[in-house]
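Remarks on the overall topology
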Amino acid sequence: MAQKRLLSGMQPTGILHLGNYEVLKNWVQLQNDYESYFFIANWHCLTTMQDRTDQIIPNTRQVAADFIAAGIDPVRSTVFVQSDVPEHAELHLMLSMITSLGWLERVPSFKEKRENLGLEDSVSYGLLGYPVLMASDILMYRADAVPVGEDQLPHLELTREIGRRWNHTYGELFPEPVAIVQRVKKLPGLDGRKMSKSYDNAIYLSDDADTVWAKIRNAYTDPLKIRKDDPGHPEGCTVFALHQAYSPDVDIVESECCAGTRGCVACKKQLCERINIQLEPLRARRNELISNPDELDAILKDGAARARVVANDTMQSVRKMMKIG
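In short, a report on the structure. Along each chain, residue indices are assigned from 1 in the same order as the chain's sequence is written. This being a predicted model, a pLDDT of at least 70 is required before a residue's local features are given, and a value of 80 or more before pairs of side-chain atoms are given or counted; all residues contribute to the totals for chains, interfaces and linings. The side-chain numbers reported here are obtained from all heavy atoms of the structure, hydrogens and water having been left aside.

Turning our attention to the packing of helix α3 (residues 87-96) against helix α7 (residues 130-140). Interhelical geometry of α3 versus α7 gives an angle of 115° and a closest axis separation of 8 Å. In the crossing of α3 with α7, the sense of the turn from one axis to the other is right-handed. Contact residues: α3 offers Glu87, His88, Leu91, His92, Leu95 and Ser96, while α7 offers Val132, Leu133, Ala135, Ser136, Asp137, Leu139 and Met140. Of the residues assigned to the contact of α3 with α7, the class counts are seven nonpolar, four polar and two charged. Axis definition: a line fitted to C-alpha atoms, limited for helices to the stretch in contact. Angles are taken between N-to-C directions and run from 0 to 180 degrees. Secondary structure is summarised from DSSP: a helix means a run of H or I of at least four residues, a strand means a run of E of at least two, and numbering begins at the N terminus for each. By definition, turning the near helix anticlockwise from the far helix through less than a right angle yields a left-handed crossing, and turning it clockwise yields a right-handed one. We call two residues in contact when some of their heavy atoms are within 4.5 Å. Three classes are used: nonpolar for Ala, Val, Leu, Ile, Met, Phe, Trp, Tyr, Cys and Pro, charged for Asp, Glu, Lys and Arg, and polar for all others, with Gly counted as polar.

This is the structure in structure tokens:
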């Protein structure tokens, strides 16, 4: 029986952080069970980085290094850059012709971005049509499954709807991909808000041990715990939330904090040690890749070649069934 196919990607909007690492760890496990395609979605960046396009290429290399260093195996899995497979753009064009404008306007993330970016009167097609390009990414590889967060489920449902309409119009070609909902740990940023590059409150996979300590040392903690022996309230502490993700003895951390036998400085030092233990192997491999760009280029070139074999096969079928080539 043929192995089922899986696809997912990340935008290179910046260097990846611990929250992204939690997603990557899921991908590393999934590649054991699926024929996996993981891509860096550099074209998608153009919806929000039109004035910072000079950052996309260096960011793409950094993200590719993070993929491999986190454990994505480029032998078992196909790792590639979206723009290195131009068939994505062609399928995007084909799918845009059968996609209802109303479908796109109802996508929740479109409404949020339009409001957050103040674009009510100047929305580009690229922003509105983002889900169509996402559909082309998925349908190109006739993926059976897509790992997504809950906030991405409407995008995947739209992909399924676009695929159904294409199949109904031209004939059966695209499977309906199922969602693998990723129950990843929701990590807070160092200031208590969501960990995000835009908030500058993240621990990045590229941070060395000293940088991690400098960041954690200034992290938000329990404002009611003034002295070391004051009872703490871990449920509102960012440091404790990160302990829950990275410390195997989190119950001890919690009980000592509540009892007032654990100081915040000691708690931060222990957290720093636990995070650095997890990140050290990744850092070592990451540094190798960044310092040896030929190896990274070879991985991405090979991945693009493998991806294009599948993409070319799909597009030959698309053109034939649409009777345009």
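Another point: the layout of surface pockets. Taking a probe equal in size to a water molecule and rolling it over the atoms shows the remaining empty space. Cavities and pockets are found on a 1 Å grid laid over the protein atoms alone: a cavity is a set of points where a 1.4 Å probe fits but cannot escape, a pocket is an open set with protein on both sides within 12 Å along at least five of seven lines, and a lining residue has an atom within 4 Å of such a point. Grid points are joined across faces, edges and corners, and a volume is the space filled by probe spheres set on the points. The volume enclosed by the second largest pocket comes to roughly 160 Å³. Taken together, Asn42, Ile57, Thr60, Val81, Ser83, Asp84, Asp297, Leu300, Lys301 and Ala304 make up the lining of the second largest pocket. Counting residues per element, the ones that place at least two in the lining of the second largest pocket are α2 (56-70) and α13 (293-322). Here the lining of the second largest pocket takes four residues from α13, the largest share from any one element. For the lining of the second largest pocket, the per-class residue count stands at four nonpolar, three polar and three charged.

Moving on: the packing of aromatic side chains. Centre distance and the angle of the planes are the two values used to describe a pair of aromatic rings. Only rings of Phe, Tyr and Trp enter the pairing, Trp through its six-membered ring, and a pair is recorded when the two centres are within 6.5 Å. The plane angle decides the type: under 30 degrees is stacked, over 60 is edge-to-face, the rest tilted. Scanning the entire structure with this criterion turns up seven aromatic pairs. Measuring from ring centre to ring centre gives 4.8 Å for Trp27 and Phe38, while their planes differ by 10°; the resulting arrangement is stacked. Of this pair, Trp27 sits in helix α1 (residues 18-30) while Phe38 is found in strand β2 (residues 35-40), placing the two residues 11 residues apart along the sequence. Each member of the pair, Trp27 as well as Phe38, is classed as buried. When the ring of Tyr37 is compared with that of Tyr141, the centres are 5.1 Å apart and the planes differ by 25°; the resulting orientation is stacked. Remark: Tyr141 occurs in the loop between α7 and β4 (145-148) and Tyr37 occurs in strand β2; sequence separation between them is 104 residues. Residue Tyr141 is classed as buried on the basis of its relative accessible area, which comes to 0%. Whether a charge sits over a ring depends on NZ of Lys or CZ of Arg being within 6 Å of the ring centre and within 35 degrees of the ring normal. When the ring centre of Tyr199 is taken as origin, the NZ or CZ atom of Arg193, which lies over that ring, is 4.1 Å away. Throughout, exposure labels follow a simple rule: accessible area from a 1.4 Å probe, protein chains only, divided by the maximum for the residue type, with under 20% read as buried, over 50% as exposed, and the rest as partly exposed.

Turning our attention to the nonpolar core. A general tendency of soluble globular proteins is for nonpolar side chains to be buried together. Among the nonpolar cores identified, the biggest contains 53 residues, and Leu18, Tyr21, Leu24, Trp27, Phe67, Leu205 and Ile275 are the most heavily contacted of them. Residues belong to a common nonpolar core when they are buried Ala, Val, Leu, Ile, Met, Phe, Trp, Tyr or Cys residues joined through side-chain atoms within 4.5 Å. Among the nonpolar cores identified, the runner-up in size contains 37 residues, and Val85, Ala307, Val310 and Met315 belong to it.

Right, let's talk about the packing of α1 against α2 for a bit. One way to put it is that α1 packs onto α2 with a least axis distance of 9 Å and a crossing angle of 55°. With respect to α2, the axis of α1 lies oblique. The crossing of α1 and α2 is right-handed. Across the interface between the two elements, Tyr21, Leu24, Trp27 and Val28 from α1 touch Asp66, Phe67 and Ala70 from α2. Of the residues assigned to the contact of α1 with α2, the class counts are six nonpolar, no polar and one charged. These descriptions rest on fixed angle ranges, namely under 35 degrees for roughly parallel, over 145 for roughly antiparallel, 65 to 115 for roughly perpendicular, and the rest for oblique.

Before going further, it helps to spend a moment on α7. Within α7, 11 of the 11 residues are buried, which leaves it mostly tucked inside the rest of the structure. Residues of α7 that are buried include every one of Tyr130, Pro131, Val132, Leu133, Met134, Ala135, Ser136, Asp137, Ile138, Leu139 and Met140, and no others. Backbone geometry just downstream of α7 places Arg142 in the positive-phi region, at approximately 45°.

Fair warning: the whole summary comes from geometry, so function is off the table for now.
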